[in-house]
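Observations on the model geometry
Here is how the chains run, residue by residue.
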Protein chains: 2
Amino acid sequence: VGGPLDPRELGELGIIAALRRRAGRARAPWRVGIGDDAAVLRVPAGSELVLTSDVLAEDVHFRFRTTDPTSLGHKTLAVNLSDLGAMGARPLGFLLCLGIPASTSGERLGGFIDGLLAEARSSRCPLVGGDTVEAPAWVVSVTACGEVPRGQALLRRGARPGDRLVVSGALGGAALGLWLLERDLREISGAAPFIRRQLRPRPPHRLGRRLRERGLATAAIDLSDGLSRDLGHLLRESGVGAEVDLERVPLAAGLRALCRSLGFEPLPLALHGGEDYEILFTLPKRAPPIEPLSRLLGARLTEIGTVTAARGVRYRLRGAQARVTDAGFEHFAPRSRVKRPDSPAEK
Amino acid sequence: VGGPLDPRELGELGIIAALRRRAGRARAPWRVGIGDDAAVLRVPAGSELVLTSDVLAEDVHFRFRTTDPTSLGHKTLAVNLSDLGAMGARPLGFLLCLGIPASTSGERLGGFIDGLLAEARSSRCPLVGGDTVEAPAWVVSVTACGEVPRGQALLRRGARPGDRLVVSGALGGAALGLWLLERDLREISGAAPFIRRQLRPRPPHRLGRRLRERGLATAAIDLSDGLSRDLGHLLRESGVGAEVDLERVPLAAGLRALCRSLGFEPLPLALHGGEDYEILFTLPKRAPPIEPLSRLLGARLTEIGTVTAARGVRYRLRGAQARVTDAGFEHFAPRSRVKRPDSPAEK
């Protein structure tokens, strides 16, 4: 299964039939998948349902000049799985809403679906429904559905003063990848891991679930808009503030070297770049130290600061207060239209 | 609550904050609504979850030349509630994925949200999450979530030979409304109910639930693509065929008169027009006669034919076989790009 899907040849019904064939029969806990007015889910006993939606729009979130359709398919689902993971949820399935031009080639649509369904299989999150329509440009939205045991979802709103601020993985790589792609620099030495990170994000699915199982985190959020922006969301929902030590923010391997050779600072990418799809979470003071915890959870974890009762974020660099402009990605705000890693983000 | 929402003034976060304020706090069975990585639902005990998505794209499904933003907001949710209704499900809540140009006026976005949330309140289906992004044109998708008692969802796939084919309400009105809107004829005498039907569909929510409660229907589908097309879906899923008596197809009040005065046949509108959002369902032979059933269920019901073991649909007109071209709306198929009520659909 797989291969080209020509919209003009297949028509809407032909596309749906192909998706249904390629997605396979609905399996438990799904009673009904593609092919009815709606999908039907027998929610596992003792579980709460977790629902999240994300939209990717052509020329806003991606360009076909810089992404291949298969990577786009992968990423469309991955960004939603990132949200489920940060809630501590196990994926159950997803609905796909696809708006594409009638002139879309069979290779482009087929490649997109191949990438999407490969990611669906590897994360055991089947396609169970959706809608396909004609649109002036590609607009893809996924609604992903997961489960958590009753009352155990990791929310943004549980952080308390004194909690430790922890981030998984390393940051800034996806943003550097985007910067390189936008400038046709994907072939330069050292670019490959950043390009891959941008096009094929791999959110740490299991980390969120393990954190939830062990009841360790007091609050959590996935890093999609950038650390500074997403930290702000978590703190606002929790009604607290934080101190962040900028020297501790984990930079993607090779980020510093490649940024320096390109002539700009790496830190703003890690702070505001977005699309790292790591998890930012808070731990009670008395939780295990970060080293054994990393081993226990099977993930790289870094403590970057402390939650405070005073609202707002105070950044510290080499012992002194540092000013960081919030420059995470925000739609409609003119200054964030283009992500500029070379913009002044600290002083 | 309500009023303009200027995207450039508010930015993405400001829009989300306004939606959250206007949608109000999440209430049971929702544990978490807008404002986290995902919404969390405590699924009512003994229920199965029903999930459906629909996309509306500017200049494909609607034009702002012919619809006001408030009606668009209403319709966006209503078309999803139609799918839930045809499954026999009770609405629980919905997620909104909104792609809009940065140049969208505050009045347009505010009006859309007003219409959407008014419909959400009147159908007790709250907004619980979603995503808002910039896009070259409006693309709106809703994922609606409902519940049915275990194993009781009304599916497309239960029709059996000998079953009676029944349709709710009357057909063709929404398609005539679209035809009039597209030609700037909304002011002509008799146009108003058809325009309203097109812009403000009111799917028979309760009918589906009552059918399900009484265990009467063997299969059901909502009429979005047009009777001929949706009948085809239902029959295909059930592995059966049907005979339809064209003289029995219920035409919207005033449809015949206005069509005649405009110079075309009304029947093709009722057969292929789409967007009526009524329910087509099948009943066992031994179910009550249609008159008492209509009274019992509080809905206008019309028996239009019979399910047959032989696949395909045979249409009959004045006792003779009639040929009906399947001309329901399908994306990407060149001939369905424009809905033409004056196209030859029977002979």
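This text goes with the structure placed above it.
The structure reproduced in this document is the subject of the present report. Being a predicted model, the structure only gives us computed values, none of them experimental.

Here is what the cut-offs are and how they apply
- Residues numbered from 1 in each chain as written.
- Chains lettered and ligands numbered in written order.
- Predicted model: local features only at pLDDT ≥ 70, side-chain atom pairs only at ≥ 80, totals over all residues.
- Heavy atoms only, no water.
- Contact = heavy atoms within 4.5 Å.
- Buried area = accessible area lost by both parts, 1.4 Å probe.
- Salt bridge = Lys/Arg side-chain N within 4 Å of Asp/Glu carboxyl O.
- Pairing = 2+ DSSP bridges.
- Helix = DSSP H or I, 4+ residues; strand = E, 2+ residues; numbered from the N terminus.
- Axes fitted to C-alpha atoms, helices over the stretch in contact; angles between N-to-C directions.
- Parallel < 35°, antiparallel > 145°, perpendicular 65-115°, else oblique.
- Left-handed = near helix turned anticlockwise from the far one by under 90°.
- Nonpolar A, V, L, I, M, F, W, Y, C, P; charged D, E, K, R; others polar.
- Buried < 20%, exposed > 50% of the residue type's maximum accessible area, 1.4 Å probe, protein only.

Focus: the interface of chain B and chain A
Listed by partner, the interface residues are 71 residues for chain B and 71 residues for chain A. Roughly 6,000 Å² is buried in total at the junction of chain B and chain A, and carbon and sulfur atoms are behind 57% of that figure. Where chain B touches chain A, the interface holds 10 salt bridges. Its salt-bridge partner being D36 of chain B, residue R156 of chain A comes within 3.8 Å of it at the nearest N-O pair.

Quick look at the sheet that holds strand β12 (residues 312-317) of chain A
Residues and elements named next belong to chain A. Strands sit in the order β8-β10-β7-β11-β9-β12-β13 across an open sheet of seven strands; the sheet is mixed. Each edge of the sheet is formed by a strand with only one pairing partner; in this case those strands are β8 (219-222) and β13 (320-322). The mean inter-strand angle of the sheet, taken between neighbouring strand axes irrespective of direction, is 30°. Here helix α10 (residues 290-297) sits on the sheet and contacts β7 (164-168), β10 (279-283) and β11 (301-308); the angle it forms with β11, its principal contact strand, is near 125°.

Regarding the packing of helix α1 (residues 7-23) of chain B against helix α3 (residues 106-122) of chain B
Residues and elements named next belong to chain B. It is at 12 Å that the axes of α1 and α3 come closest, and there the two elements cross at 15°. Here α1 lies roughly parallel to α3, going by the angle between them. Our pair here, α1 against α3, has a crossing hand that is right-handed. Two secondary-structure elements touch here, α1 through P7, I15, L19, R22 and A23 and α3 through G106, L109, G110, I113, D114, L117 and R121. Its residues assigned to classes, the contact of α1 with α3 shows seven nonpolar, two polar and three charged.

What to know about the pairing of β7 of chain A
Residue and element names in this part refer to chain A. In terms of residue burial, β7 counts as a mostly covered element, since five of its five residues are buried. Of the two faces of β7, the one lined by R164, V166 and S168 and the one lined by L165 and V167 are each fully buried. Here β7 pairs with β10 via four bridges, running antiparallel. Pairing of R164 across the sheet is with L283, part of β10. Sheet topology note: the β7/β11 ladder contains five bridges and is antiparallel. When the sheet's bridge partners are listed, S168 is paired in β11 with L301.

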